Amino acid sequence: MSIAGLKKQIYKASQMVSEKVGGAEGTKLDEDFKDLERKVDVTSKAVVEVISKTSEYLQPNPASRAKLSMLNTMSKIRGQVKSPGYPQAEGLLGECMAKYGRDLGEETNFGGALVDAGETMKRLAEVKDSLDIDVKQNFIDPLQSLYDKDIREIQHHLKKLEGRRLDYDYKKKRPGKIPDEEVKQALEKFHESKEVAETSMYNLLETDQIEQVSQLSSLVESQLQYHQQAVQILEELSTKLKERITEAQSRPRREYVPKPKPVFEFAESIDQSNGGFTPTVSAPPPARNSASEQPCCKALYDFEPENEGELGFHEGDIITLTNQIDENWYEGMLRGQSGFFPLNYVEVIVPLSH
């Protein structure tokens, strides 16, 4: 640093101490300039905060964000072009659903539904990744560029202006000790810095704000596109699940039939290895004599008649068979009432004689 530069630094430091400690007043800037400075300060804070909150909106998990930032840094150091993406919650949920759906078996209703839902969630994660990319390119990056270039440049001009103000105030309060020419030069530099700072702030607030509103519009467009795609994907899943429900409801309910239990009988010889008990399977019930018994069937489910001529019954009722209408319907009697009923709701005990 030259001697003149060193002296200038001493002048500025001395003036700053005089103002902060001694209460000396410096040159006041006009209200229009102060208003511009205040608006630029608010704009600067808004840009920084909006960038931060937008990143949190796109990637809400702070631990995942920190890990992703570290991995991206390592990728740059290693010269890797492609860096890992943020683990979307929809993708993690989709992987979980698909895994357990396959474990249950896609042939089962719940297992197949889980696989469908899992694949849908993974599609949503891909759409969310596209939203991340679009918002970063069209909103976050331009705002970051605005801060790094325009706002930092204004901050530099304001800092330079403050330094020249301190230099001018120091020199003008020491007539006789500081040559008039030097005081005049200090004043000219102060006005020059003020004009540069004022012009740059005006341009930011009046001209560049059109670009900022355009960038905000890009954010909204990206969100709108994401939600439209998400609605379409979820509607497809909703239709599939409703079809599964309808199909499951239309199928007759299968009743659980337990296996015969082994019966333990005390054996005559107590020398058997199992302590004298011999397990035997209970004998099946004797075959019914279809020739001597009336044709009948047992109701497996409740049947509510919907049309005239149909016979209603409850699960467990024994219905007398009188005729088979076709391959799907019987005619029978129950408690003095005669009517038709579906074959798949009953189990034939004694078939009709042909």
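It should be emphasised that the depicted structure is a prediction, and the values quoted were computed from it without experimental measurement.

What counts as what
- Residues numbered from 1 in each chain as written.
- Predicted model: local features only at pLDDT ≥ 70, side-chain atom pairs only at ≥ 80, totals over all residues.
- Heavy atoms only, no water.
- Helix = DSSP H or I, 4+ residues; strand = E, 2+ residues; numbered from the N terminus.
- Buried < 20%, exposed > 50% of the residue type's maximum accessible area, 1.4 Å probe, protein only.
- Contact = heavy atoms within 4.5 Å.
- Areas by Shrake-Rupley, 256 points an atom, 1.4 Å probe, with all protein chains shown as cover.
- Patch = residues over 30% accessible without salt bridge, like charges linked within 9 Å, V, L, I, M, F, W, Y side chains within 5 Å.
- Salt bridge = Lys/Arg side-chain N within 4 Å of Asp/Glu carboxyl O.
- Lys, Arg positive; Asp, Glu negative; His and termini not counted.
- Charge placed at Lys NZ, Arg CZ, Asp CG, Glu CD.
- Axes fitted to C-alpha atoms, helices over the stretch in contact; angles between N-to-C directions.
- Parallel < 35°, antiparallel > 145°, perpendicular 65-115°, else oblique.
- Left-handed = near helix turned anticlockwise from the far one by under 90°.
- Nonpolar A, V, L, I, M, F, W, Y, C, P; charged D, E, K, R; others polar.
- Core = buried A, V, L, I, M, F, W, Y, C linked by side-chain atoms within 4.5 Å.

> Looking at this structure, I do not really get the overall build of the protein. What am I missing?
Helix and strand counts for the protein stand at seven helices and seven strands. Across the protein, helices and strands are ordered from the amino to the carboxyl terminus as α-α-α-α-α-α-α-β-β-β-β-β-β-β. Out of the 354 residues belonging to the protein, those deemed buried represent 30%. Put simply, 60% of the contacts in the protein that link residues at least 6 apart link residues at least 24 apart. If you sum the accessible surface of the protein, you get close to 24300 Å²; carbon and sulfur atoms cover 54% of it.

> I tried to follow a negative patch on the surface on my own but got confused; where do I start?
On the surface, D180, E181, E188, E192 and E195 cluster together into a patch of negative charge. Examined against the element boundaries, D180 turns out to sit in helix α6 (residues 180–207).

> It is not clear to me how the side chain of E90 should be interpreted in this structure. Could you clarify?
For E90, the location among the structural elements is in helix α4 (residues 89–104). K128 is the oppositely charged side chain nearest to the buried, salt-bridge-free E90, at an N-O distance of 4.2 Å.

> Where do I start with the packing of helix α5 (residues 109–172) against α6 in this structure?
A pair of packed helices can be characterised by two numbers: the angle between their axes and the separation between those axes. Orientation of α5 relative to α6, taken along the N-to-C sense of each, is 155°, at an axis distance of 8 Å. Judged on the interaxial angle alone, α6 and α5 are roughly antiparallel. As for how α5 packs across α6, the hand of that crossing is left-handed. Counted by class, the contact of α5 with α6 contains 14 nonpolar, three polar and 11 charged residues.

> What is the right way to look at the pattern of salt bridges in this model?
Where side chains of opposite charge bring their charged atoms close, a pairing between them can arise. Within the structure shown, the criterion is met by 18 salt bridges. Between E162 and R165 there is a salt bridge whose closest N-O contact spans 2.9 Å. Note that E162 and R165 are positioned in helix α5 at a spacing of three residues, about one turn of the helix. Taking the relative accessible area as the measure of exposure, R165 reaches 7% and is therefore buried. D317 is paired through a salt bridge with R335; the nearest N and O atoms lie 3.4 Å apart. Taken together, the positions of D317 in the loop between β3 (296–299) and β4 (318–324) and R335 in the loop between β5 (329–334) and β6 (337–342) put the pair 18 residues apart, joining distant regions of the chain. What makes R335 exposed here is its relative accessible area of 62%. One continuous salt-bridge network, built from bridges that share partners, spans E162, R165, D169 and K172.

> Sorry, what's going on with the environment of D116 here?
Tracing the backbone shows D116 in helix α5. Residue D116 is classed as buried on the basis of its relative accessible area of 19%. Sequence separation between D116 and K240 is 124 residues; the distance between their C-alpha atoms is 8.0 Å. The residues touching D116, leaving out its near neighbours within four places in the chain, are L237, K240 and R244.

> Explanation requested: the nonpolar core in the structure shown.
One finds F33, V47, V135 and M201 to be the most contacted residues of the largest nonpolar core, which totals 30 residues. When residues of this core are traced back to their parent elements, those giving at least two are α2 (31–58), α5, α6 and α7 (209–250). Here this core takes 14 residues from α5, the largest share from any one element.

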